[in-house]
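Read off the chains here:
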Amino acid sequence: MDKIILDEQAIRRTLTRLSHEVIEKNKGIDNIILVGIKTRGIYLAQRMADKIYAIEGKKVAVGEVDITLYRDDLKEKSSDGQPELHGSNIPVDVKERKVILVDDVLYTGRTARAAIDAIMDIGRPAVIQLSVLIDRGHRELPIRPDFVGKNVPTSNEEIVAVKLQETDGVDEVSLRKRHA
């Protein structure tokens, strides 16, 4: 049975707080770009950009990064055995910008590392910061988020399931047991 960790209201409040923290830590929004990690990170980045606009009255650039080729544990393959690419789309040059990577769940750190590699191949930003909705622990790499929506201690037998309106028709984060 799923245990709801965040409902729609809690996700909205959490994204508002994360947006405020991004503004505060960066002393405004000048030179910032939010880059969502495919898939759900893109929608979270767009929502944060909307919240930042509501707070600051200025738009922030939003991009998306596909980390498929940068994963060290590729699973998603096409019928010919090659990795499936979904493309990255970053509308502005990242050179000398503050890139805020946005993802739904931070677990081992491998996705974040792959996203950092993908960004560095595009250009050299002034700084890369990481914003996650959920930090569930169990890091395998020395990756630390700059902005955390909620820390959720988990076991390796549990799954953190993030559902968003844009992909799943509902906003909620739940915790469930991994099926054997």
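Nothing here was measured: the structure is a model prediction, and the numbers come from that model.

Draft legend 1. Local environment of helix α3 (residues 110–122). A rise of 1.5 Å per residue sets the reference length of α3, with its 13 residues, at 18 Å; its end C-alpha atoms lie 19 Å apart and thus fit the reference within 8%. Listed as buried for α3 are A112, A114, A115, A118 and I119. For α3, the angular spread of the buried residues around the axis is 160°, confining them to a single face.

Draft legend 2. Layout of the UniProt feature "short sequence motif: PRPP-binding" (unreviewed entry) in the chain. Under the UniProt annotation, the feature "short sequence motif: PRPP-binding" (unreviewed entry) is placed at residues 99–111. Helix makes up 15% of residues 99–111 and strand 62%. Its end C-alpha atoms lie 16 Å apart.

Draft legend 3. Main features of unusual backbone geometry. Following K38, the chain continues to T39 via a peptide bond in cis, the omega torsion being 5°. Among the secondary structure elements, T39 is positioned in the loop between β2 (32–37) and α2 (40–56). The residue H138 is not glycine, and still its phi comes out positive at about 70°. Mapped onto the fold, H138 is located in the loop between β5 (127–135) and β6 (147–151). For H138, a relative accessible area of 31% translates into the label partly exposed.

What counts and what doesn't
- Counting starts from 1 at the beginning of each chain's written sequence and moves along it residue by residue.
- The predicted origin of the model limits local features to residues at a pLDDT of at least 70 and limits the giving and counting of side-chain atom pairs to 80 or more, whereas totals for whole chains, interfaces and linings rest on all residues.
- Only heavy atoms go into the side-chain values, all of them from the structure, while hydrogens and water stay out.
- Strands are runs of DSSP state E lasting at least two residues, helices are runs of H or I lasting at least four, and both sets are numbered from the N terminus onward.
- Every helix has an expected span of 1.5 Å times one less than the residues it contains.
- When accessible area is computed with a 1.4 Å probe and restricted to protein chains, residues below 20% of their type maximum are described as buried, those above 50% as exposed, and intermediate ones as partly exposed.
- Arc definition: it is the arc formed by the directions from the helix axis to the C-beta atoms.
- UniProt positions are given in the numbering used here, feature names are shortened, and annotations may be inferred rather than shown by experiment.

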